[in-house]
Amino acid sequence: MVIEAFDIWTDDDVADEAGKRPRLPAGWADHAGPGIDVRTWPRSPRTGQPMLHCFTLWLPEAYRRRGPDLVAVAVFQWEDELYFKDPSPEVSAVIAGRPVEVAQPEHPFWAELAQARAHPRLQVADDGVASLLAMVWLTEAELNGPRVTRPAAAPALADGEVDNTSWRARHGVYGSLWLVPRDDPNAGVPPVSFPSDGDAYVDVPDMFDVFHAEHLGGTGMSPDGMRDGLSPWYVEVCRLGGISFGGDLDIALDLENGAFLGDWSTAVMIPGTDAGQPTPPR
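If you're wondering where the values come from, they're calculated on a predicted model, not measured in any experiment.

Conventions and cut-offs
Residues numbered from 1 in each chain as written. Predicted model: local features only at pLDDT ≥ 70, side-chain atom pairs only at ≥ 80, totals over all residues. Heavy atoms only, no water. Helix = DSSP H or I, 4+ residues; strand = E, 2+ residues; numbered from the N terminus. Rg over C-alpha atoms; globule rule 2.2 N^0.38 Å. Buried < 20%, exposed > 50% of the residue type's maximum accessible area, 1.4 Å probe, protein only. Contact = heavy atoms within 4.5 Å. Areas by Shrake-Rupley, 256 points an atom, 1.4 Å probe, with all protein chains shown as cover. Axes fitted to C-alpha atoms, helices over the stretch in contact; angles between N-to-C directions. Parallel < 35°, antiparallel > 145°, perpendicular 65-115°, else oblique. Left-handed = near helix turned anticlockwise from the far one by under 90°. Nonpolar A, V, L, I, M, F, W, Y, C, P; charged D, E, K, R; others polar.

Caption draft 1: Spotlight on the overall build of the protein chain. Helix and strand content of the protein chain: six helices and 12 strands. Against the compact-globule benchmark of 19 Å for 282 residues, the protein chain has a radius of gyration of 19 Å, which places it among compact chains. For the protein chain, the C-alpha atoms occupy an extent of roughly 60 × 35 × 35 Å along the three principal directions. By residue count, 50% of the 282 residues in the protein chain fall in the buried class. The contacts in the protein chain between residues at least 6 apart in sequence include a share of 71% that link residues at least 24 apart. Carbon together with sulfur atoms contributes 53% to the accessible area of the protein chain, which is approximately 12900 Å² in total.

This is the structure:
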């Protein structure tokens, strides 16, 4: 199998920036989620808030690290400075089917929360800063099915939560996604921040001139260096679909490891049930 790395472009830029290089249609970055059961839309484990969809990305064969039938990932995010706290009593009661007194009990959020369940291939982690991220592995049918609208948000934000939809609209990168192969000597190689002479990974001094910052595999593009332990099979993004990390930093999502944010996560890590790993205690 030939292992390639790819730039990720939106349709607004691919024609100008990618020139005549081949390109593969590869999903979308906007508010609509993939064709999953809406009851399995990822939610905050603390407040039950439905997360915001960032992007859904089709994966070439080499990057399908959960099996050949899982052809894409969908990535979601929710801003919450108190993500590390236990679920709220109201959320715990609703999920357990117990009666609970809440403001606006007729609001659709509560009924939908009571019907919610985890997607069987859901992974959730915190970014160690102020937000939660979720990654859902998708079948072909889920990727190509009718896109799903985010469930109703709670009638009020909890302490610590921020709905940054307006910020995302101003600063995010949106549109149809395209994968454009790049001639990258580090395709299929784990990235390191400071390669030595014995490393398979090599420096690319002009990487910001020849590669796009948002990409699949290959040379790491973060000016602050790559985190330790990242596999060769990762997605590195900044602002794609409004995703944010530490303000304006790049974030790498590992497609190989159950801990897709690695040691960035400090309190929340829920590996997907199909990953064959237990859920660690919070």
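Caption draft 2: Spatial organisation of the packing of helix α2 (residues 89–96) against helix α3 (residues 108–115). Running from N to C, α2 and α3 cross one another at 55°; their axes reach a closest spacing of 8 Å. Relative to α3, the element α2 is oriented oblique. Read as a crossing pair, α2 and α3 show a hand that is right-handed. Taking contact as the criterion, the partners of Glu 90, Val 91 and Val 94 in α2 are, on α3, Trp 110, Leu 113 and Ala 114. Counted by class, the contact of α2 with α3 contains five nonpolar, no polar and one charged residues.

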